[in-house]
Amino acid sequence: MGIEQFSDPPLLVLTSLAGGPKHGHAMIEDIVWLCGNRLGPGTLYGAISRLEQQGLIEPLPPEDRRQPYRLTAAGEHALRAKLNTLKHVTRSGLKRLEAL
Amino acid sequence: MKPAAARLLVGLYPRPWRQRYGEEFETLLLEQSDFLKILVDVAFSAAKERMSPTCGQAVPAAATSFRVVMKMPSAILPLALSLAALSVVLAHAAIFGVTHEKDEGTAAHLWQLLIGGALTVMIFFAAKWMPRATKQALAVLIIVSALMLANFAAVYFLT
């Protein structure tokens with residue numbers, strides 16, 4: 001996997017769910033749209049189960065056999081903190097590149 | 001993906017995980033193509049789940065005591081196999097005396113099989129229990145390693 005390919009499945013899942021509740025397939029497509037990275041179903045559900053265990057996402061009532069998830073308040077807080085850190089890293093990195 | 005293939009992949013996960021996510025995960029798998037790529041992804045994820053469970057596997061405090069970990073089949077088996085291997089060497093030395101043979105006989109092959117089996121189960125035990133109960137698993141591994149060392153010492157000095 002190249003360095004240009006962004007891969008942080010939990011962050012991608014949280015970011016996807018920040019746009020509203022989604023089930024697995026919708027999350028995969030949304031993440032492709034977000035960063036061009038298509039998560040495998042195992043990777044996606046690895047992230048989902050860990051995020052649910054941490055209380056950052058929660059399931060909604062199932063639709064057919066599909067299970068939608070949404071961000072919890074703790075998930076929203078964690079995502080905001082992570083994105084702010086990333087924003088700082090991105091700004092600093094770009095500033096340093098400009099100075100080269 | 002065909003339903004049989006999806007069921008097979010779901011089956012790679014531990015039971016508690018399947019009970020929680022199995023149905024929805026199977027539904028997602030049915031919408032996927034490229035079986036080989038998915039197989040690698042799912043196998044890796046299932047192995048990770050088995051090593052570091054996210055649901056239903058929170059080992060209760062009592063279960064992490066040394067005594068309980070020690071009673072696990074994957075802890076008992078390498079101990080039993082190492083002891084059996086040591087017995088083979090000692091019995092061989094008792095019957096034939098301390099002789100340094102050049103050719104490997106039946107006893108040597110039996111010893112190799114027993115030690116090979118013990119090492120394999122020991123690796124499995126370490127992979128399964130080190131992430132869950134590190135101290136207890138380490139204690140078991142030290143005991144098994146000591147028995148292994150005793151085996152190698154016996155082979156070195158008695159045959």
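These remarks concern the structure in this document. All of these numbers come straight from a predicted model, not from anything done at the bench.

## Some details on the overall build of chain A
Looking only at helices and strands, chain A features four helices and two strands. Each helix and strand of chain A, placed in order from N terminus to C terminus, yields the pattern α-α-α-β-β-α. Sequence separation of at least 24 residues holds for 44% of the intrachain contacts in chain A that already meet a minimum separation of 6.

## Topic: the interface of chain A and chain B
Contacts between chain A and chain B engage 20 residues on the former and 22 residues on the latter. Here chain A packs against chain B, burying approximately 1,700 Å² in sum over the two surfaces, 48% of which is carbon and sulfur. On the chain A side of the interface with chain B, the three residues burying the most area are Tyr 45, Arg 50 and Arg 65 of chain A, jointly 39% of the side's total. A salt bridge links Arg 66 of chain A to Glu 31 of chain B; the shortest N-O distance between them is 2.1 Å. On inspection of chain A and its partner chain B, the count reaches 13 residue pairs in polar contact (both at pLDDT 80 or more). Among the elements of the structure, helix H2 (24-35) and helix H3 (41-53) of chain A are those that each provide at least two residues to the side of chain A that touches chain B. The dominant element in the side of chain A that touches chain B, judged by the number of residues it contributes, is H3 of chain A, at 11 residues. When the residues that make up the side of chain A that touches chain B are grouped by side-chain class, the tally is seven nonpolar, nine polar and four charged.

## As for the pattern of salt bridges
Residues and elements named next belong to chain A. Summed over the entire model, instances satisfying the criterion amount to 10 salt bridges over all chains. Between Glu 58 and Arg 70 there is a salt bridge; the shortest N-O distance is 2.7 Å. Taken as a pair, Glu 58 in strand S1 (residues 57-59) and Arg 70 in strand S2 (residues 69-71) lie far apart in primary sequence, 12 residues in all. Given the relative accessible area of 38%, Arg 70 is considered partly exposed.

## A few points about the environment of Leu 11 of chain A
Its location among the elements puts Leu 11 of chain A in helix H1 (residues 9-18). On the basis of relative accessible area, Leu 11 of chain A is assigned to the buried category, the value being 6%.

## A word on the side chain of Gln 32 of chain B
Structurally, Gln 32 of chain B is set in the loop between helix H2 (15-30) and helix H3 (35-51). Apart from residues lying up to four places away in sequence, Gln 32 of chain B is in contact with His 25, Ile 28 and Pro 41 of chain A together with Met 1 and Ile 38 of chain B.

## Quick word on unusual backbone geometry
Positive phi, close to 60°, is recorded for Asp 64 of chain A, a residue that is not glycine. By secondary structure assignment, the location of Asp 64 of chain A is in the loop between S1 and S2. At Asp 34 of chain B, a residue that is not glycine, the phi angle is positive and equals roughly 60°. Position of Asp 34 of chain B among the secondary structure elements: in the loop between H2 and H3.

## Observations regarding H2 of chain B
In an α-helix, one turn spans 3.6 residues, which is why side chains three or four residues apart end up on the same side. The largest bend along H2 of chain B measures about 65° and falls at Tyr 21 of chain B. Listed in full, the buried residues belonging to H2 of chain B are Trp 17, Tyr 21, Gly 22, Glu 24, Phe 25, Glu 26, Thr 27, Leu 28 and Leu 29 of chain B. Close packing links the buried residues of H2 of chain B with H2, H3 and S2 of chain A together with helix H1 (3-10) and H3 of chain B.

## A few points about the packing of aromatic side chains
All names here are of chain B. Under the counting rule described, the total for this entry stands at nine aromatic pairs over all chains. Between Trp 17 and Phe 25, the ring centres sit 5.2 Å apart and the planes meet at 90°, which makes this aromatic pair edge-to-face. The pair formed by Trp 17 and Phe 25 is uniform in burial state, with each residue classed as buried.

What counts, and where the lines are drawn
Residues numbered from 1 in each chain as written. Chains lettered and ligands numbered in written order. Predicted model: local features only at pLDDT ≥ 70, side-chain atom pairs only at ≥ 80, totals over all residues. Heavy atoms only, no water. Helix = DSSP H or I, 4+ residues; strand = E, 2+ residues; numbered from the N terminus. Contact = heavy atoms within 4.5 Å. Buried area = accessible area lost by both parts, 1.4 Å probe. Salt bridge = Lys/Arg side-chain N within 4 Å of Asp/Glu carboxyl O. Polar contact = N/O pair within 3.5 Å; in protein donor to acceptor, adjacent residues only side chain to side chain. Nonpolar A, V, L, I, M, F, W, Y, C, P; charged D, E, K, R; others polar. Buried < 20%, exposed > 50% of the residue type's maximum accessible area, 1.4 Å probe, protein only. Bend = angle between axes of the 7 residues up to and from the residue. Phe/Tyr/Trp six-rings, centres within 6.5 Å; stacked < 30°, edge-to-face > 60°.

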